[in-house]
Amino acid sequence: MKNKNLLITGAAGFIGNNLAYKLLDIGYNIFCIDNFNKYYDLNLKILRKERLLNKSKNSESAVFHFEKLDLRDKEAVFKFIKDKNIEKVCHLAAQAGVRYSIEYPQTYVDNNITATINLLEACKENGVTDFIFASTSSVYGLSQEMPFNEETSIDSTISTYSSTKRACELLCHTYNNLYGIKFRILRFFTVYGPWGRPDMALFLFTKAINEGNPISVFNNGNMKRDFTYIDDIVNGFLLAIENTSSFEIFNLGSGKSVELIEYIEVLEKILGVEAKKIMEPMQPGDVRETLADISKSKKILNYEPKFDIEIGVQNFVEWYKKYYK
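Here's what I pulled together on the structure shown here. (Residues numbered from 1 in each chain as written. Predicted model: local features only at pLDDT ≥ 70, side-chain atom pairs only at ≥ 80, totals over all residues. Heavy atoms only, no water.)

**Description of the overall build of the chain**
Test applied: Think of it this way: any DSSP run of H or I at least four residues long counts as a helix, any run of E at least two long counts as a strand, and we number them from the N terminus. What the globule rule says is 2.2 Å times the number of residues to the power 0.38, and the radius of gyration is computed from C-alpha atoms. Every residue pair with non-hydrogen atoms within 4.5 Å of one another is taken to be in contact. Charge assignment in this entry is limited to Lys and Arg as positive and Asp and Glu as negative, and neither His nor the chain termini are counted. By convention, the point assigned to a charge is CZ for Arg, NZ for Lys, CD for Glu and CG for Asp.
Of regular secondary structure, the chain possesses 11 helices and 13 strands. Computed over the C-alpha atoms, the radius of gyration of the chain is 19 Å, within 12% of the 20 Å expected from 2.2 N^0.38 for a compact globule of 325 residues. Oriented by its inertia axes, the alpha-carbon framework of the chain measures out at about 55 × 45 × 40 Å. Considering only contacts within the chain whose residues lie at least 6 apart along the sequence, 83% involve residues at least 24 apart. Positive and negative charge centroids in the chain, built from 40 and 41 side chains respectively, lie 4 Å apart.

**Digging into the side chain of Lys 165**
Inclusion rule: Accessible area is worked out with a 1.4 Å probe on protein chains only. A residue is then buried under 20% of its type maximum, exposed over 50%, and partly exposed in between. A side-chain nitrogen of Lys or Arg and a carboxyl oxygen of Asp or Glu constitute a salt bridge if their distance falls within 4 Å.
With respect to the element layout, Lys 165 can be found in helix α6 (residues 160-179). Although Lys 165 is buried, it forms no salt bridge, and the closest oppositely charged side chain is Glu 169 at an N-O distance of 8.0 Å. In contact with Lys 165, other than residues within four places in its own chain, are Ala 94, Asn 112, Phe 133, Ala 134, Ser 135, Thr 136 and Val 139.

**Focus on the pattern of salt bridges**
Side chains that carry opposite charge are capable of pairing whenever their charged atoms lie near each other. Applying the stated rule across the entire model yields 15 salt bridges. In this structure, Glu 169 and Arg 166 form a salt bridge, with 2.7 Å as the shortest nitrogen-oxygen distance. With Glu 169 and Arg 166 both in helix α6, this residue pair falls three residues apart, about one helical turn. Here Lys 277 makes a salt bridge to Glu 268, at a shortest N to O gap of 2.8 Å. You can call Glu 268 buried: its relative accessible area is 11%. Taken together, the shared-partner salt bridges in this structure form one network comprising Lys 88, Asp 130 and Arg 184.

**A closer look at the pairing of strand β4 (residues 88-91)**
Cut-off, in case you're wondering: In this description, strands pair whenever DSSP reports at least two bridges between them.
Because side chains alternate across β4, one face comprises the buried residues Lys 88 and Cys 90, and the other comprises Val 89 and His 91, equally buried. As paired strands, strand β1 (residues 5-9) and β4 are joined by four bridges and run parallel to one another. Directly across from Thr 9, in β4, lies its bridge partner His 91. Relative to strand β5 (residues 130-136), β4 runs parallel, the two being bridged by three bridges. Each bridged residue has a counterpart across the sheet, and for Val 89 the counterpart in β5 is Phe 131.

**Focus: the sheet that holds β1**
Two pairing modes exist for strands in a sheet, parallel and antiparallel, and in both the strands are linked by backbone hydrogen bonds. For the record, the criterion: Where helices are involved, their axes are fitted lines through C-alpha atoms of the stretch in contact, as for all axes, and angles between N-to-C directions lie from 0 to 180°.
Overall, parallel pairing links the seven strands, which are arranged β3-β2-β1-β4-β5-β6-β11 in an open sheet. Edge positions in the sheet fall to β3 (64-68) and β11 (247-252), since each of these pairs with one other strand and no more. Between one strand axis and the next, the sheet turns through 15 degrees on average, direction left out of account. This element, helix α2 (residues 42-56), spans β2 (29-34) and β3 of the sheet and lies at about 160 degrees to β3. Where α6 meets the sheet, its contacts fall on β5, β6 (182-188) and β11, and the angle it forms with β5 comes to roughly 160 degrees.

**Re the nonpolar core**
Condition: Residues belong to a common nonpolar core when they are buried Ala, Val, Leu, Ile, Met, Phe, Trp, Tyr or Cys residues joined through side-chain atoms within 4.5 Å.
Of all hydrophobic cores here, the largest spans 70 residues; its most connected members are Ile 8, Phe 188, Phe 237 and Ile 241. One finds Ile 33, Phe 80, Leu 120 and Tyr 175 within the second-largest nonpolar core, a separate group that totals 28 residues.

**Topic: the packing of helix α9 (residues 260-271) against helix α11 (residues 309-323)**
Selection criterion: By definition in this entry, angles of less than 35 degrees are roughly parallel, angles greater than 145 are roughly antiparallel, angles of 65 to 115 are roughly perpendicular, and the rest are oblique. Here a crossing is taken to be left-handed if its near helix is turned anticlockwise relative to the far helix by less than a right angle, and right-handed if that turn runs clockwise.
Viewed as axis vectors pointing N to C, α9 and α11 meet at an angle of 50 degrees, and their least axial separation amounts to 10 Å. Regarding the angle of α9 to α11, the classification is oblique. By crossing handedness, the relation of α9 to α11 is classed as right-handed. On the side of α9, the interface is formed by Glu 262, Tyr 263, Val 266, Leu 267, Ile 270 and Leu 271, while α11 contributes Ile 309, Glu 310, Val 313, Gln 314, Val 317 and Lys 321.

**Section: the environment of Ala 208**
Its place among the elements puts Ala 208 in helix α7 (residues 201-210). In this structure, Ala 208 is in contact with Asn 213, Pro 214 and Ile 215, ignoring residues within four places of it in sequence.

**A look at the environment of Asn 118**
To keep things clear, this is the line we draw: Polar contact is defined as a pair of N or O atoms within 3.5 Å, subject to the rule that within protein one atom must be able to donate a hydrogen and the other to accept it, and that residues adjacent in sequence are counted only when both atoms are side-chain atoms.
Looking at the element boundaries, Asn 118 is found in helix α5 (residues 105-125). Counting along the chain gives 26 residues from Asn 118 to Gln 144, while the straight-line C-alpha distance between them is 34 Å. In this structure the side chain of Asn 118 is engaged in a polar contact, spanning 2.9 Å, whose partner is the backbone oxygen of Leu 71.

**With respect to the packing of aromatic side chains**
For clarity, the cut-off: The aromatic pairing rule takes the rings of Phe, Tyr and Trp, using the six-membered ring of Trp, and pairs them if the centres are within 6.5 Å, calling planes under 30 degrees apart stacked, those over 60 edge-to-face and the rest tilted. Placement of a charge over a ring requires the Lys NZ or Arg CZ to be within 6 Å of the ring centre, with the centre-to-atom vector within 35 degrees of the ring normal.
Under the counting rule described, the total for this entry stands at 29 aromatic pairs. Ring geometry for Phe 36 against Phe 66: centres 5.9 Å apart, planes inclined by 45 degrees, an arrangement best described as tilted. Residue Phe 36 is located in the loop between β2 and α2, and its partner Phe 66 is located in strand β3; the two are separated by 30 residues in the primary sequence. Ring geometry for Trp 195 and Tyr 323: centres 6.0 Å apart, planes at 70 degrees, overall edge-to-face. Of this pair, Trp 195 sits in the loop between β7 (191-192) and α7 while Tyr 323 sits in helix α11, placing them 128 residues apart in sequence. The burial state of Trp 195 is the same as that of Tyr 323; both residues are buried. Taken together through their ring pairs, the aromatic side chains of Trp 195, Phe 203, Phe 316, Trp 319, Tyr 320, Tyr 323 and Tyr 324 make up a single cluster. Here the basic side chain of Arg 51 rests over the ring of Tyr 21, its NZ or CZ set 3.9 Å away from the ring centre. A cation sits over an aromatic face here: Lys 55 above Tyr 21, 4.7 Å from the ring centre.

That's the geometry; what it means functionally is another story.
And the structure:
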């Protein structure tokens, strides 16, 4: 690990930032990039970057570098990979958001597919042979096989977001087959926790309840999700970085499916306030349930999620109150 040059894309994003923060304790030479787009609160992204800069001052990493870079800029991507002598890539940069993707599909093609092909080409041309790709449980779409297994047939994606992430998975398989680049593809299940995205349910619920506003509960609360705490995701990612498989797909989830109403009840208990609820119909692009089969991740990666929703939501609320004073 020492002196290995590792690139983290999307390092001002929720998961990428938490991953980079943890990696600074390990000893890689860390190179971070992000395009700082305005999909959500830019100030939050800037503070995440500052968090890493502060952490780097007392870290095990000999090198820490953070640069604004847009992966859609092919020339800039090629130059960065070559100049920094990148040896391993953790690709987390992407345009997120299922509902937003239905309104603005082109931005997902540009920021997910085009950006990924630029990065893959730069890796091919510069001899980078190790690549960990952040994917999503959304690729399982309308599959009725529960829990979702990595071998499940994927032919029913129902949002532009999930379709573009699945396309990126296939591109990874192609570059493994053609050029021998090693890939670990990680499918994340509903990640939540401190420094999270403002467009995610827990963030929206906490904000609304604190301000005395009602929350929208979709499908009348008849939805279940495999809510996965950020630290479990990061630990799984660290295990995938050290794994030497040629090409593998891994689910990273909690392995438990929780009803949305139960999730809200946990939040209400922690805040000491009962939420005003507006029951809404199912939204386009949503699915009724997600549940990860994590047996493969346990067996090959030694992945073991540790956080239940009571602890995870408590940690988020404590961060939220501190962040917003």
